[in-house]
Amino acid sequence: MTLSLVPDDVFDNYADVTPAFLRANGVRLLLTDLDYTLAPKSQAEPDEALRAWVETLRDAGVTLRIISNNRSSVRVERFCRSLGIGYVGHAGKPGTRGLLTAMREQGASARETAMLGDKLLTDTLAAKRAGVRMLMVEPKGGPVGAWNHALHAMQEPFKRVSAGDQRRKRRI
Ligand SMILES: [Mg+2]
C-alpha cells in the first residue's frame with residue numbers, strides 16, 4: 001500500500017473550513033486536532049471566534065470531535081466541555097485508533113469523515129491511514145520555537161502540491 005502525505009486541502013485557518021465546503025465534499029463528521037489547529041497551546045480556553053465556528057458547524061448538522069495526542073487530558077477536557085463537543089484523548093496519531101473510534105461512535109464512513117490538523121506526521125498520516133480526507137491548516141498563532149519553525153518549513157512543500165491548496169496569501 002502506498003500512502004501519500006499530501007493533504008487533500010490546505011487552509012489558512014480552521015474558520016475557512018465552512019459548512020458549505022464540508023457539504024460539497026459529503027463530510028458530516030469532522031475530526032480535529034486541538035493544539036495549533038484550533039488554538040495556540042498557550043490559550044487555555046476557546047475564544048469567541050472558535051465558539052462561533054463550532055456553532056456554525058452544529059447548525060449545519062456537522063459533528064465535531066477533537067482527536068488529540070495531548071499527554072494531559074485536562075486541557076482537552078476543558079476545551080471540549082466549554083464547546084459542548086466530544087473528544088478522544090491519548091489518540092496516538094499517526095495511529096488510527098482515535099479516528100476509527102470516533103467514526104464508529106458516530107456511524108460515519110471514511111467518505112463521510114475528514115480530519116483537520118496542522119501536522120504532517122501525526123494528523124495527516126493518521127488521516128491517510130484511516131482513508132479520510134485531510135484538511136491541513138497553518139499553525140494557529142504561528143510556529144512556536146525552533147523545532148516547530150523547522151517542522152513547518154519541512155511541511156510546506158507537501159502543502160504546496162496539494163490540489164486543494166486554498167490559502168490566498170503565502171506567509172513569508
Ligand atoms: Mg497540532
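Our structure's up above, just so we're on the same page.
Residues numbered from 1 in each chain as written. Predicted model: local features only at pLDDT ≥ 70, side-chain atom pairs only at ≥ 80, totals over all residues.

Engineer: When you look at the overall build of the protein chain in this model, what are you seeing that I'm missing?
Structural biologist: Across its full length, the protein chain holds 6 helices and 7 strands. Over its C-alpha atoms the protein chain spans a radius of gyration of 15 Å, differing by no more than 12% from the 16 Å that the globule rule assigns to 172 residues. Counting only C-alpha atoms and orienting by the principal axes, one finds that the protein chain spans roughly 35 × 35 × 30 Å. For the protein chain, with 172 residues in total, the buried portion stands at 40%. Summarising the internal contacts of the protein chain: among those between residues at least 6 apart in sequence, 68% fall at separations of at least 24. (Helix = DSSP H or I, 4+ residues; strand = E, 2+ residues; numbered from the N terminus. Rg over C-alpha atoms; globule rule 2.2 N^0.38 Å. Buried ≥ 20, exposed ≤ 12 C-beta atoms within 10 Å, placed from the backbone. Contact = placed C-beta atoms within 7 Å.)

Engineer: Got a minute to help me understand the sheet that holds strand β1 (residues 9-11) in this structure?
Structural biologist: In any sheet, the strands associate via hydrogen bonds between backbone groups, in a parallel or an antiparallel arrangement. What the 7 strands build is an open sheet, ordered β4-β3-β2-β5-β6-β1-β7; its pairing is parallel. The sheet is open, and its two borders are formed by β4 (86-88) and β7 (164-165), each paired with just one other strand. As judged from the 4 bridges shared by strand β2 (residues 29-32) and strand β3 (residues 63-67), these two strands associate in the parallel manner. Looking across to β3, one finds that Thr32 is bridged to Ile66. The strands that helix α5 (residues 120-130) touches are β5 (113-117) and β6 (133-137); relative to β5, the one it contacts most, it runs at about 165 degrees. (Pairing = 2+ DSSP bridges. Axes fitted to C-alpha atoms, helices over the stretch in contact; angles between N-to-C directions.)

Engineer: Whenever I open this one, the environment of Ala150 confuses me. Can you help?
Structural biologist: Mapping Ala150 onto the fold places it in helix α6 (residues 145-160). Each C-alpha atom of the pair Ala150 and Gly86 lies 32 Å from the other, and the pair is 64 residues apart in sequence.

Engineer: What am I meant to see in the environment of Gly117 here?
Structural biologist: Within the secondary structure layout, Gly117 lies in strand β5. Each C-alpha atom, one on Gly117 and one on Ala127, is 9.5 Å from the other, the two residues being 10 residues apart in sequence. Those residues in contact with Gly117, other than ones at most four positions away along the chain, are Thr32, Asp33, Thr37, Asp123, Thr124 and Met136.

Engineer: Hey, could you run me through unusual backbone geometry in this one?
Structural biologist: Leaving glycine out, the prevailing phi sign among residues is negative, and the prevailing peptide bond configuration is trans. Backbone torsion omega between Lys93 and Pro94 reads 15 degrees, so that peptide bond is classified as cis. Despite not being glycine, His90 has its phi angle at roughly 45 degrees, a positive value. Mapped onto the elements of the fold, His90 is located in the loop between β4 and α4 (97-106).

Engineer: Would you mind going over the pairing of β5 with me for this structure?
Structural biologist: Both faces of the sheet carry side chains from a regular strand, because those side chains alternate between them. Counting buried positions along β5 gives 5 out of 5 residues, so the element sits mostly inside the fold. Of the two faces of β5, both are covered, the one formed by Thr113, Met115 and Gly117 as well as the one formed by Ala114 and Leu116. Examined bridge by bridge, β2 and β5 share 4 bridges and lie parallel to one another. Bridged to Leu31 within β5 is Met115. Here 4 bridges tie β5 to β6, and the two strands are oriented parallel to one another. Paired with Leu116 across the bridge in β6 is Leu135. Between the parallel elements β5 and β6, the chain passes through α5 in a crossover that is right-handed. (Right-handed = clockwise from strand over helix to strand, strands pointing away.)

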